[in-house]
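Remarks on the overall topology
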Amino acid sequence: MGKAELKIEIDPAVVAEAERLGVDLSRAGLAGVEQALARRRNALKSDAERAADARAWAEENAEAIKAYNERIARDGIFGEDFRTW
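A brief report on the enclosed structure follows. (Residues numbered from 1 in each chain as written. Predicted model: local features only at pLDDT ≥ 70, side-chain atom pairs only at ≥ 80, totals over all residues. Heavy atoms only, no water.)

1. Observations regarding the overall build of the protein
Short version of the rule: Only runs of H or I of at least four residues qualify as helices and only runs of E of at least two qualify as strands under DSSP, and these elements are numbered from the N terminus. As a reference, a globule follows 2.2 Å times the number of residues to the power 0.38, and the radius of gyration itself is taken over C-alpha atoms. Any residue under 20% of the maximum accessible area for its type is buried, any over 50% is exposed, and the rest in between are partly exposed; the area is computed with a 1.4 Å probe on protein chains only. Methods summary: accessible areas were calculated by the Shrake-Rupley approach with a probe of 1.4 Å, and residue burial reflects only the protein chains presented. The positive count covers Lys and Arg only, the negative count covers Asp and Glu only, and His and the chain ends enter neither. Charge coordinates come from a single atom per side chain, which is NZ of Lys, CZ of Arg, CG of Asp or CD of Glu.
From N to C terminus, the protein includes 4 helices and 0 strands. Taken from N to C terminus, the helices and strands of the protein fall in the order α-α-α-α. Whereas a compact globule of 85 residues would reach a radius of gyration of roughly 12 Å, the protein reaches 22 Å, over 25% beyond that. Based on the C-alpha atoms only, the size of the protein along its principal axes is roughly 55 × 35 × 25 Å. The proportion of buried residues among the 85 residues of the protein is 2%. When the accessible surface of the protein is split by element, carbon and sulfur atoms take 56% of a total near 8200 Å². Of note, the protein has its 14 positive side-chain charges centred 2 Å away from the centre of its 17 negative side-chain charges.

Next up, the structure:
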């Protein structure tokens, strides 16, 4: 698939810093648009879709969650000895 050309205006100070730090503005711009699209897609999801996503996440991470809970049960929470509440 080809690419569309886009003209944008950016603060010159931002451009100068990006150049100084070696940031590829084309890639950074594309990454920013992709992140904005992902946030918008998530915002438009129904409650049922969000619940399905949460279930899928929990299933995908069940092993890590189990290991974490076992470690906390065995070793306790970091800094627990210093809590005053």
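2. Comments concerning the pattern of salt bridges
For clarity, the threshold we go by: We define a salt bridge as a contact between a side-chain nitrogen of Lys or Arg and a carboxyl oxygen of Asp or Glu at a distance within 4 Å.
One pass over the structure, following the stated rule, counts 6 salt bridges. As a salt-bridge pair, K45 and D53 come within 2.3 Å of each other at their nearest N and O atoms. K45 gets classed as partly exposed once you look at its relative accessible area, which sits at 25%. For R50, the salt bridge goes to D47, with nearest N and O atoms at 3.6 Å. Separated by 3 residues within a single helix, R50 and D47 lie in helix α3 (residues 47-60), roughly one turn from each other.

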